[in-house]
Amino acid sequence: MGKTIAIVNQKGGVGKTTTCVNLAAALTGLGAKVLVCDFDPQGNATSGFGIDKAHSPNIYDVIMGLIPLSRSIVATKWADVVPSNKSLSGATVELISLDRREYRLRDAIEEVKGRYDFVFIDCPPSLELLTLDALCAADTLLVPVQCEYYALEGLSDLLYTVRLAKRSLNPALELEGVLLTMYDGRTNLSMQVAEEVKRYFPGKVYASVIPRNVRLSEAPSHGKPVSAYDRLSRGADAYEAMAREFYRKNGGKSL
């Protein structure tokens with residue numbers, strides 16, 4: 001049975017989708033079978049894999065019970081993907097009247113979970129019903145944290161929401177780890193934020209860090225993970241190192 005990991009942070013611009021796309025692609029390169037579920041109405045993970053956001057069916061059709069999740073999967077060279085687009089933004093209101101609204105995504109993923117080693121959910125940058133659905137579907141959470149001044153602002157809100165979800169809806173939910181993104185080792189600020197995050201999450205911060213890298217910013221516009229856009233870039237190296245660390249921690253073969 002595969003493991004479902006929600007990639008979550010209610011702050012935008014922290015490298016959440018970048019991490020989802022590039023970690024999934026790197027793990028596929030290591031031989032893992034990976035599914036990415038784009039659960040953000042912006043659909044950035046969808047376009048990051050070169051899939052048209054207008055693709056139908058998509059995750060909206062799945063959680064509204066119109067089709068099984070297996071019918072929405074798009075195969076790419078880097079991972080299987082369940083696409084998303086702006087139609088998902090209306091689901092927050094529509095889900096309110098539905099049975100098991102917090103478990104719609106979990107129930108959908110159960111159909112295919114056994115086919116994959118890892119299922120990644122790219123969450124929206126907010127703490128609302130879609131994110132709650134993702135927390136209920138996940139076994140663990142991966143939290144990207146930007147190495148900037150406001151990095152820890154809002155983390156207490158996120159952890160409070162996680163505690164509520166764990167207490168009442170998903171008791172098995174655990175923290176997978178915290179990934180430092182947009183790291184610049186030349187600045188005192190990045191190092192200070194890194195130390196603060198390690199104090200905040202003892203033993204849960206990945207040794208691998210993701211640097212600021214222009215290739216990581218450029219790759220989505222070409223519909224590719226950074227490993228396919230520029231294999232020799234610092235960004236590609238960082239996500240490969242992170243994937244190896246992640247794989248080892250999840251019982252993968254020694255790499």
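Model, not experiment: these values are computed from the prediction.

Participant: Explain unusual backbone geometry to me, and be specific about the residues and the numbers.
Facilitator: Along the chain, Ser 56 connects to Pro 57 via a cis peptide bond; the corresponding omega equals 5°. Counting through the fold element by element, Pro 57 comes out in the loop between α2 (44-48) and α3 (59-63). Its identity as a non-glycine residue notwithstanding, Met 182 has a phi of 55°, on the positive side. Position of Met 182 relative to the elements: it lies in the loop between β7 (174-181) and α8 (188-200).

Participant: Account for the sheet that holds strand β4 (residues 80-82), with residues named and values stated.
Facilitator: Spatial strand order, β3-β4-β2-β5-β1-β6-β7: 7 strands in an open sheet with mixed pairing. With one partner strand each, in any of the chains shown, β3 (74-75) and β7 form the two edges of the open sheet. Bridging between strand β6 (residues 140-146) and β7 involves 7 bridges; their strand directions are parallel. Looking at β7, one finds that Val 145 is bridged to Leu 180.

Participant: Describe the nonpolar core, listing the residues and the values that go with them.
Facilitator: Membership of the largest hydrophobic core comes to 47 residues, with the highest contact counts inside it found for Phe 39, Ile 59, Ile 63, Leu 69, Leu 105 and Ile 121. The element best represented in this core is helix α6 (residues 129-137), accounting for 5 residues. The contacts of Leu 69, once residues within four sequence positions are left out, are Leu 35, Ile 59, Val 62, Val 82, Ala 108, Ile 109, Glu 111 and Val 112. Within the second largest apolar cluster, 36 residues are counted, among which are Ile 5, Ile 51, Leu 142 and Ala 238.

Participant: Can you tell me about the pairing of β7, naming the residues and giving the values?
Facilitator: The element β7 is extensively covered by neighbouring structure, given that 6 of its 8 residues are classed as buried. The β-α-β motif built from β6, the intervening helix α7 (residues 155-168) and the parallel element β7 has right-handed crossover chirality.

Participant: Give a description of the pattern of salt bridges that names residues and reports values.
Facilitator: Scanning the model with the defined rule gives 17 salt bridges in all. Among the ionic pairs, Arg 215 bridges to Glu 218, the shortest N-O distance being 2.7 Å. Of this pair, Arg 215 and Glu 218 both sit in helix α9 (residues 214-218), 3 residues apart, which is roughly one turn of that helix. Look at Glu 218 and you get partly exposed, because its relative accessible area is 25%. Residue Asp 237 pairs with Arg 231 through a salt bridge whose shortest N-O separation is 3.4 Å. Its relative accessible area of 42% is what places Asp 237 among the partly exposed residues. Members of the salt-bridge network, linked through shared partners, are Arg 231, Asp 237, Glu 240 and Arg 244.

Participant: I'd like a description of the packing of aromatic side chains, backed by residues and values.
Facilitator: Here a ring pair, both rings aromatic, is described through the centre-centre distance and the interplanar angle of the planes. The tally for this structure, following the rule as stated, stands at 6 aromatic pairs. Ring centres 5.8 Å apart and planes at 45° place the aromatic pair Phe 120 and Phe 246 in the tilted group. One end of the pair, Phe 120, is in strand β5 (residues 118-122); the other, Phe 246, is in helix α11 (residues 234-249), with 126 residues separating them in the sequence. Each member of the pair, Phe 120 as well as Phe 246, carries the same accessibility label: buried. A centroid spacing of 5.0 Å and a plane angle of 80° characterise the contact between Tyr 149 and Tyr 150, whose relative ring orientation is edge-to-face. On the basis of relative accessible area, Tyr 149 is assigned to the exposed category, the value being 66%. Members of the aromatic cluster, connected to one another through ring pairs, are Phe 118, Phe 120, Phe 246 and Tyr 247.

Participant: Outline the environment of Leu 155, listing residues and values.
Facilitator: Tracing the chain through its elements places Leu 155 in helix α7. For the pair Leu 155 and Asn 9, spaced 146 residues apart in sequence, the C-alpha to C-alpha distance is 7.8 Å. The contacts of Leu 155, once residues within four sequence positions are left out, are Asn 9, Gln 10, Val 143, Val 145, Tyr 200 and Phe 201.

Participant: Describe the pairing of strand β2 (residues 34-38), and please don't skip the residues or the numbers.
Facilitator: Most of β2 is tucked away: 5 of the 5 residues are buried. Relative to β5, β2 runs parallel, the two being bridged by 5 bridges. Residue pairing in the sheet places Val 34 in a bridge with Phe 118 of β5. Two elements, β2 and β4, share 3 bridges in a ladder whose sense is parallel. The residue of β4 that forms the bridge with Cys 37 is Val 82.

The rules behind each value
- Residues numbered from 1 in each chain as written.
- Predicted model: local features only at pLDDT ≥ 70, side-chain atom pairs only at ≥ 80, totals over all residues.
- Heavy atoms only, no water.
- Helix = DSSP H or I, 4+ residues; strand = E, 2+ residues; numbered from the N terminus.
- Pairing = 2+ DSSP bridges.
- Core = buried A, V, L, I, M, F, W, Y, C linked by side-chain atoms within 4.5 Å.
- Buried < 20%, exposed > 50% of the residue type's maximum accessible area, 1.4 Å probe, protein only.
- Contact = heavy atoms within 4.5 Å.
- Right-handed = clockwise from strand over helix to strand, strands pointing away.
- Salt bridge = Lys/Arg side-chain N within 4 Å of Asp/Glu carboxyl O.
- Phe/Tyr/Trp six-rings, centres within 6.5 Å; stacked < 30°, edge-to-face > 60°.

By themselves, these figures tell us nothing about what the structure is for.
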